[in-house]
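Observations on the model geometry
Spelled out from the first residue to the last, the chains are:
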Amino acid sequence: MISLQVFYQGHVQGVGFRFTVRHIAKGFDVIGWVRNLPDGRVELQVTGDEEEVRAFLDQVGQSENKLNEPIAARGFEIRHD
């Protein structure tokens, strides 16, 4: 198992990026969440088997940070906090 934090920047807010990520996640055995940040970036946290997480992120594109703890989520969510 691996847990990663990923940030996306550029034109990612207001274009359905979070919904696209959630749709992609449905095709993989991963859990996590995605949310907009006040600075214009989008944050994603994901947990799963390393191969599955890497394949998922390959579909989305990434700039990742390894997390020390598993993510607390049910399925894959869009967060509004």
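Going by the structure above, here's the rest.
Residues numbered from 1 in each chain as written. Predicted model: local features only at pLDDT ≥ 70, side-chain atom pairs only at ≥ 80, totals over all residues. Heavy atoms only, no water.

1. Comments concerning the packing of aromatic side chains
The tally for this structure, following the rule as stated, stands at three aromatic pairs. Centre to centre, the rings of Phe56 and Phe76 are 5.7 Å apart; their planes meet at 65°, and the pair counts as edge-to-face. Of the two residues, Phe56 is situated in helix H2 (residues 50-60) and Phe76 in strand S5 (residues 76-78); the sequence distance between them amounts to 20 residues. By the burial criterion, Phe56 is buried, and Phe76 matches it. Three or more aromatic residues joined by ring pairs form one cluster here, namely Phe28, Phe56 and Phe76. Directly above the ring of Phe7 sits Arg41, whose terminal nitrogen or CZ lies 4.4 Å from the centroid. (Phe/Tyr/Trp six-rings, centres within 6.5 Å; stacked < 30°, edge-to-face > 60°. Helix = DSSP H or I, 4+ residues; strand = E, 2+ residues; numbered from the N terminus. Buried < 20%, exposed > 50% of the residue type's maximum accessible area, 1.4 Å probe, protein only. Lys NZ or Arg CZ within 6 Å of the ring centre and 35° of its normal.)

2. Here we look at the side chain of Glu43
Relative to the elements of secondary structure, Glu43 occurs in strand S3 (residues 42-48). Within the structure, Glu43 has its side chain in polar contact with the side chain of Gln5 (distance 2.8 Å). Looking at Glu43, its side chain comes within polar contact range of the side chain of Gln45, at 2.9 Å. Apart from the residues within four sequence positions on either side, Glu43 is in contact with Gln5, Val6, Phe7, Trp33, Val34, Arg35 and Leu37. (Polar contact = N/O pair within 3.5 Å; in protein donor to acceptor, adjacent residues only side chain to side chain. Contact = heavy atoms within 4.5 Å.)

3. What to know about the pairing of S3
Extensive coverage of S3 is indicated by the burial of seven of its seven residues. Side chains Val42, Leu44, Val46 and Gly48 project from S3 onto one buried face, and the interleaved Glu43, Gln45 and Thr47 project onto a second face that is buried too. Relative to S3, strand S1 (residues 2-8) runs antiparallel, the two being bridged by seven bridges. Across the sheet, the residue bridging to Tyr8 is Val42, located in S3. The pairing of strand S2 (residues 30-36) with S3 spans seven bridges and is classified as antiparallel. The residue of S3 that forms the bridge with Gly32 is Val46. Hairpin connection, S2 to S3: the antiparallel pair is bridged by five residues, and Gly40 has positive phi, about 95°. (Pairing = 2+ DSSP bridges.)

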